[in-house]
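# Notes for the structure review
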Amino acid sequence: MDKINFGKIDRFILFGGGRFLFYAAKKLQQEHYDVIVFSSKRHLSQELEGKSFKKLLIESAIPYYESSDINNDQKAFGHISEHTIGLSLGAAWIFRESFINRFNGRLLNMHATRLPQNRGGGGFSWQIMRKDKLGSSLIHQVDTGID
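Read on for a plain summary of the structure.

Cut-offs and rules
- Residues numbered from 1 in each chain as written.
- Predicted model: local features only at pLDDT ≥ 70, side-chain atom pairs only at ≥ 80, totals over all residues.
- Heavy atoms only, no water.
- Helix = DSSP H or I, 4+ residues; strand = E, 2+ residues; numbered from the N terminus.
- Buried < 20%, exposed > 50% of the residue type's maximum accessible area, 1.4 Å probe, protein only.
- Contact = heavy atoms within 4.5 Å.
- Phe/Tyr/Trp six-rings, centres within 6.5 Å; stacked < 30°, edge-to-face > 60°.
- Lys NZ or Arg CZ within 6 Å of the ring centre and 35° of its normal.
- Core = buried A, V, L, I, M, F, W, Y, C linked by side-chain atoms within 4.5 Å.
- Pairing = 2+ DSSP bridges.
- Axes fitted to C-alpha atoms, helices over the stretch in contact; angles between N-to-C directions.
- Expected span 1.5 Å × (residues − 1).
- Arc of directions from axis to C-beta.

### Notes on the overall build of the protein chain
Within the protein chain, the regular secondary structure consists of six helices and eight strands. Scanning the protein chain from its N terminus toward the C terminus, one meets helices and strands in the order β-α-β-α-β-β-α-β-α-β-α-β-α-β. Taking all 147 residues of the protein chain together, the buried fraction comes to 39%. Partitioning the intrachain contacts of the protein chain with sequence separation of at least 6 by distance along the chain shows that 61% fall at a separation of at least 24.

Here it is in structure tokens:
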């Protein structure tokens, strides 16, 4: 298996929402990385720990943007450099090839269920309906297919 080397990384762009993304952003900030969150309206209004995701980001001084279409979002384009890692954690968008290519292989997705058994956005739902108790967590490079 080939080892992946991303070289120097100084910025993380996190795409999506939820508790895990919030804590990942806080941890990366503590490690002195530049962290930016791109989220959807749905994610920003989600309640976590008695507050909206948006309010938690504001209180933690984590920069964020709301995007309805990340593939055409000029704000996102301006934050991507050769030292940026993009990490999708439950993102609301399907990334198009032109967006993926901006990262030169440094756009990753964290998938919290088994692949290919639970691919796509409804992985947990299918797992619950099958009464499947086997957990998983993996990170993969984003390509044009659906995980």
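### Notes on the packing of aromatic side chains
Under the counting rule described, the total for this entry stands at 11 aromatic pairs. Ring centres 5.0 Å apart and planes at 25° place the aromatic pair Phe-38 and Tyr-65 in the stacked group. Here the residue Phe-38 occupies a position in strand S2 (residues 34–39), and Tyr-65 occupies one in strand S5 (residues 64–66), the gap between them amounting to 27 residues. Judged by its relative accessible area of 27%, Tyr-65 falls in the partly exposed class. When the ring centre of Phe-77 is taken as origin, the NZ or CZ atom of Arg-102, which lies over that ring, is 3.5 Å away.

### Observations regarding the nonpolar core
Formed by 19 residues in total, the largest nonpolar core has its most connected members in Leu-14, Val-37, Phe-53 and Leu-57. Beyond its immediate chain neighbours, meaning those up to four positions away, Phe-53 contacts Gly-16, Gly-17, Gly-18, Leu-21, Phe-22, Val-37, Ser-39, His-43, Leu-44, Gln-46 and Leu-48. Phe-15, Ile-36, Ala-91 and Trp-93 belong to the second-largest nonpolar core, a separate cluster that totals 16 residues.

### Concerning the pairing of strand S7 (residues 107–111)
Across the five residues of S7, four count as buried, placing the element largely inside the fold. Alignment of strand S6 (residues 84–89) against S7, held across three bridges, turns out to be parallel. Within S7, the position partnered with Ser-88 by the bridge is Asn-109. With four bridges connecting them, S7 and strand S8 (residues 138–141) associate as antiparallel partners. Of the residues in S8, the one forming a bridge with Leu-108 is Gln-141.

### A short note on the sheet that holds S8
The pairing of strands in a sheet happens through backbone hydrogen bonds and is either parallel or antiparallel. With respect to topology, six strands assemble into an open sheet ordered S5-S2-S1-S6-S7-S8, the strand pairing being mixed. For this open sheet the edge positions go to S5 and S8, each flanked by a neighbour on one side alone. For this sheet, the mean inter-axis angle between neighbouring strands, taken without regard to orientation, is 20°. Sheet strands touched by helix H1 (residues 19–30): strand S1 (11–16), S2, S6 and S7. Its angle to S1, the strand with the most contacts, is close to 170°.

### Some thoughts on H1
The terminal C-alpha atoms of H1 lie 17 Å apart, and with 12 residues this matches the ideal 16 Å at 1.5 Å per residue to within 8%. Looking only at H1, the buried set comprises Leu-21, Phe-22, Ala-24, Ala-25 and Leu-28. Down the axis of H1, the sector holding all buried residues measures 165°, keeping them to one side. Counted as exposed and oriented over 90 degrees from the buried face of H1: Phe-20 and Gln-30. As for H1, its buried residues are in contact with S1, S2, helix H3 (53–59) and S6. Following H1 by one or two positions, His-32 adopts a phi angle in the positive range, close to 70°.

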